[in-house]
Amino acid sequence: MISGFGSAAEPVSRLIEEFHKLPGIGPKSAARLTYHLLRMPENQARSLAEAIVAVKERIVLCSLCQNLTDTDPCAICGSTERDRTMICVVEEPLDILALERTGGYNGLYHVLHGVISPIEGIGPDELKIGELLARLRDGSVAEVILATNPSLEGEATGMYLQRLISPFGLRVTCLARGLPVGGDLEYADEVTLARALEGRRAL
Amino acid sequence: MTAPKIYTTEAIVLKHANFGEADRMLTLYTPNMGKLRAVVRGARRSKSKLGGHVEPVTHCSLVLARGRNLDTVTQSQTIESFLSIRNDLWLTARALYLIELADAFTPEHAENYPVYKLLLDALHGLAKVRREEAASWMQHLMLLRYFELQLLGHVGYQPQLRDCINCRSPIQPVENFFSPSGGGILCPKCAHTEPVVRPISVNALKVMRLLQRGDYATASRLRLVPELSRELERTIQGYVRYLLEREIKATGFLDRLRREGM
């Protein structure tokens, strides 16, 4: 029980407490949200409640790509339009949204749900790596694109996966490292610049 | 006198964690202020001018603004990015091991220049050797052991390797015993005085003394047989585990790489 709200009616103080458990919501914000909901039309409040229940009940991990989905296999894995010989490996489900927004990729995905971080004690077993290797076994995949973040952990994960995948004899690629559009050479760090030089191409 | 609002320092970036919408919280090791935490605003955006310079395992020069709780990085410039470490999975894992040790044994805001120097030199040492050469592989292992023993000395846990920690008599060149709880060597007669001891060979003890004395030049030329190398690793890491009362997490990943023969 959050101190100070004990005098509110039981359902009210209970909702305040539930809000308080969310990230970034302090006791004051929790109370404000609760009283806002109390003043809301009933159908709106009900639709919010149903939406919360729906994500918990209907969202599962796609048995192929491990993305969050309400159908199994997910819309991307189930689509007949997509190129099934390519798998793009990403850290988080949100990365798929970013890649889909480019409209430049028509293959399948695989979500690791994290990244190898030895200092945090997150190793390969905590990620969906076994599931990825299982997808490669039937030989239908020709290329794996490693699209982990260009951070120390992301690169370590990429190198680790590359070594695991190399026995399959597939083409393993990673996203190019280089300068962002609208960026400034002067402020670019040495690692990015060095890789941008390595990856330069003929115009 | 109040402390200036803006200050400049060199630092080794130990680790980072996501913070807020697009920020990162860094753990830094500095030469004159010890371990610090600082925020980099917007570091996760791909156009961040600061983010690329403050990845973990980077030696950089920073300008920081003092905040009420946390200081904020306002300018960053890489001094050494240790690209050769970044490009190699083994080296990355080893560098993270060194960093986790340094992080675990040091408190925030306590100046300890020798630790800074040791970590910086060790990272340069890792970056220099080439993985294909078997000789440099061995050098690496010696570098890790050297780092462990020197670090323990700099933070006040130097193990006693000359005299028996119980009877104070000089250690003889026979099989003796290492006691993590006693923080040193017990002679065969005193081995029963501590609850947990592990036997230590004459050669392992000699190498430990050499590394503790700081003679890395000699130590790096040693070619240890694998059993001796493993004995040293187990003895020192057993002591580290006892002191920290936990596992060093990065060893889990190193063991796995070794197991999978990568």
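Model, not experiment: these values are computed from the prediction.

## Structural notes on the overall build of chain A
Helices and strands together make up the secondary structure of chain A, namely eight helices and six strands. Reading the helices (α) and strands (β) of chain A from amino to carboxyl end gives α-α-α-β-β-α-β-α-β-α-β-α-β-α. Taking the principal axes of its C-alpha atoms as reference, chain A extends roughly 70 × 45 × 35 Å. Here chain A, with 203 residues, has 25% of them falling under the buried criterion. Pairs at least 24 residues apart make up 44% of the contacts formed inside chain A by residues separated by at least 6 positions.

## Structural notes on the nonpolar core
Counting 97 residues, the largest nonpolar core has V89 of chain A together with V13, A95, L98, A102, L119 and I185 of chain B as the members making the most contacts within it. Considering every element that reaches this core, the biggest residue donor is helix α2 (residues 89-105) of chain B, with eleven residues.

## Structural notes on the domain arrangement of chain A
What the domain assignment lists for chain A is domain 1 (10-58) and domain 2 (68-198). A straight line from the C-alpha centre of domain 1 of chain A to that of domain 2 of chain A covers 36 Å.

## What about the pairing of strand β1 (residues 6-19) of chain B?
Residue and element names in this part refer to chain B. In this sheet, strand β4 (residues 59-65) lies alongside β1 in antiparallel orientation, the contact comprising seven bridges. Paired with I12 across the two strands is H59, which belongs to β4. Hairpin remark: β1 followed by strand β2 (residues 23-30), antiparallel, with three residues in the connecting loop; positive phi at G20, about 60°.

## A word on the sheet that holds strand β3 (residues 83-90) of chain A
Residues and elements named next belong to chain A. Taking strand neighbours across the sheet as the criterion, the four strands line up as β4-β3-β5-β6 in an open arrangement whose pairing is parallel. The open sheet has two edge strands with one neighbour each: β4 (107-111) and β6 (171-174). With strand direction ignored, the average angle separating the axes of adjacent strands in the sheet is 25°. The pairing of β3 with β4 spans five bridges and is parallel. If you follow V89 over to β4, its bridge partner there is H110.

## Some thoughts on unusual backbone geometry
All names here are of chain A. The peptide bond linking D72 to P73 adopts the cis configuration, its omega dihedral lying at 0°. Mapped onto the secondary structure, P73 falls in the loop between β2 (68-69) and α4 (75-78). Even without being glycine, Q66 reaches a positive phi, approximately 70°. Looking at where Q66 falls in the secondary structure, it is placed in the loop between β1 (60-61) and β2. We classify Q66 as buried; it has 22 C-beta atoms within 10 Å. In this structure, H113 is a non-glycine residue whose phi angle is positive, near 60°. Checked against the element boundaries, H113 lands in the loop between β4 and α6 (129-136).

## Some remarks on the confidence of the model for chain B
Residue and element names in this part refer to chain B. When pLDDT is averaged along chain B, the result is 89; 96% of the residues meet or exceed 70. The element-level mean pLDDT for chain B is lowest in helix α6 (residues 216-219), coming to 76, with β4 highest at 95. For this predicted complex, the interface score ipTM comes out at 0.83, while the overall pTM is 0.86.

The rules behind these values
Residues numbered from 1 in each chain as written. Chains lettered and ligands numbered in written order. Predicted model: local features only at pLDDT ≥ 70, side-chain atom pairs only at ≥ 80, totals over all residues. Helix = DSSP H or I, 4+ residues; strand = E, 2+ residues; numbered from the N terminus. Buried ≥ 20, exposed ≤ 12 C-beta atoms within 10 Å, placed from the backbone. Contact = placed C-beta atoms within 7 Å. Core = buried A, V, L, I, M, F, W, Y, C linked by C-beta atoms within 7 Å. Domains from an automatic or database assignment. Pairing = 2+ DSSP bridges. Axes fitted to C-alpha atoms, helices over the stretch in contact; angles between N-to-C directions. pLDDT = per-residue confidence, 0-100.

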